[in-house]
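# Coordinate inspection notes
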Amino acid sequence: MLEASYLPFNLPEIGEEEIGAVVETMRSGWLTTGARTAAFERDFEAYTGARHALALNSCTAALHLALAALGVGPGDEVITTPLTFCSTVHAIVHTGASPVLADVDETGNIDPASVAARITPRTKVLLPVHLAGLPCRMEELWELARRHGLRVVEDAAHAVGTYYRGRHLGADGASASDAVAYSFYATKNLTTGEGGMVTTNRPELLARMKALALHGLNRDAWNRYGEKGTWFYQVLEAGFKYNLSDLQAAIGVEQLKKIERFTERRRELAERYQRAFAGMPEVECPPEAVDGRHAWHLYILRLRPERLAIGRDAFLNELRERRIGISVHFIPVPLHPVYEGLGAAYPCPRAVALYERMFSLPLYPAMTEGQVDRVAGAVGEIVERWRR
């Protein structure tokens, strides 16, 4: 019997359209931030319904930029979740502010009740993360922000295509958040290889972010026309180097045309997983969206350790032996050495307990139904072997 081929955890969906757009950009003679980046921003505004979009080189940059533009700095506190990638907390630390962790609810998203308990006079921003593409309980978070005079920045790294109450995250007229940050990293639902976007419905915040995003210059790098000609510009403040190139934006423009098809395919495959695991009491399926649309960036399965004689890590090893790519999203922030002090200051037992029994299965548009069945079958074999 032939050994099964390795099934990767993720494969980007890149077609001839993206390749052609990159080649055309390379032949144009303009590679850095320019007309294609501006087009990508306009297209993203149209897609999400946000008034303004600013293309950047990562979601980390988008988070840091939004916080910096809101004036977050030393002495301030920003409340976020422990169940996220480290960059969410890095962005807070890089402003000089202090990260404060609030525990998660049963979905894995930040719990508004825990947020409420950790608001202090120093709190300036709430920074929820839409884990796996599942929308957070934003109305409750917005109410807390209104009550305490706080800003809200959403980490939507997983959530291109996510809806909250019938609209895209950050949509004008449907969102009380100040900014929403997206990721276009290689594994994301929409990719530019590396890249990100921040949206806002506040023109003054956009102006501030645009100034900070490119060295604090007083005009766009690709449009430096003033009274003294193309060579003259002024640096108004110490900004950052966060711009997205036209090469990357060219990919993004084409990816955005396909995002609804990608999202629908992810939903179909996730539903196939849900059906496969529905009758398996040893595992717990990930929650589906109640107040919106799940983008299904990740399919995070949870073990029920009381029903199994095998731990999560050993379970993952058995999946690897079956040549199936897996991952864990995420190691909680306080379990990293650099942030271990946050665990004592802000205990998050639900996040840690959830981490110890969860893992992510392959999920991407190029997967076939047969590959989903293979993964589900492998999980079933391991469960059958180790069932209590």
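Residues numbered from 1 in each chain as written. Predicted model: local features only at pLDDT ≥ 70, side-chain atom pairs only at ≥ 80, totals over all residues. Heavy atoms only, no water.

### A closer look at the nonpolar core
One broad trend across soluble globular proteins is that nonpolar side chains are buried collectively. Formed by 54 residues in total, the largest nonpolar core has its most connected members in Phe-40, Val-115, Leu-126, Tyr-182, Phe-184 and Met-197. The set of elements that each furnish at least two residues to this core consists of helix H2 (35-48), strand E1 (52-56), strand E3 (98-101), helix H6 (138-148), strand E5 (151-156), strand E8 (179-183), helix H8 (246-277) and helix H11 (349-355). Among all residues touching Leu-126, those that are not within four sequence positions of it are Ile-79, Val-115, Leu-141, Leu-144, Ala-145, Leu-150, Arg-151, Val-152 and Val-153. (Core = buried A, V, L, I, M, F, W, Y, C linked by side-chain atoms within 4.5 Å. Buried < 20%, exposed > 50% of the residue type's maximum accessible area, 1.4 Å probe, protein only. Helix = DSSP H or I, 4+ residues; strand = E, 2+ residues; numbered from the N terminus. Contact = heavy atoms within 4.5 Å.)

### Observations concerning the pairing of E1
Side-chain positions along a regular strand alternate between the two faces of the sheet. With 5 of its 5 residues buried, E1 lies for the most part within the structure. Side chains of E1 alternate between two faces, with His-52, Leu-54 and Leu-56 and Ala-53 and Ala-55 buried alike. Note that E1 and strand E9 (residues 196-200) share 5 bridges and pair antiparallel. What sits directly across from His-52, in E9, is Thr-200. (Pairing = 2+ DSSP bridges.)

### Brief notes about the packing of aromatic side chains
In total, this model carries 12 aromatic pairs according to the counting rule given. Considering the side-chain rings of Phe-85 and Phe-330, the 6.2 Å spacing of their centres and the 45° angle between planes classify their relative orientation as tilted. With Phe-85 in the loop between strand E2 (77-80) and helix H4 (86-94) and Phe-330 in the loop between helix H9 (312-321) and helix H10 (340-345), the pair connects residues that are 245 residues apart, well separated along the chain. Overall, the relative accessible area of 12% leaves Phe-330 in the buried class. Judged by centre distance (6.2 Å) and plane angle (35°), the ring pair of Phe-277 and Tyr-299 falls under tilted. Separated by 22 residues along the polypeptide, Phe-277 in helix H8 and Tyr-299 in strand E12 (residues 299-303) bring together distant segments of the chain. (Phe/Tyr/Trp six-rings, centres within 6.5 Å; stacked < 30°, edge-to-face > 60°.)

### Some points on the sheet that holds strand E7 (residues 167-168)
Ordered in space as E7-E6-E11, the 3 strands form an open sheet in which the pairing is antiparallel. Either end of the sheet is taken by a strand with one partner, and the two such strands are E7 and strand E11 (292-293). Bridging between strand E6 (residues 163-164) and E7 involves 2 bridges; their strand directions are antiparallel. What sits directly across from Tyr-164, in E7, is Arg-167.

### Focus on the side chain of Thr-192
You can see Thr-192 is positioned in the loop between E8 and E9. A relative accessible area of 4% means that Thr-192 is categorised as buried. Of the polar contacts made by the side chain of Thr-192, one reaches the backbone oxygen of Glu-194; its length is 2.8 Å. Residues contacting Thr-192, with those up to four places away along its chain left out, are Phe-40, Phe-184, Leu-244, Gln-248, Ile-251 and Gly-252. (Polar contact = N/O pair within 3.5 Å; in protein donor to acceptor, adjacent residues only side chain to side chain.)

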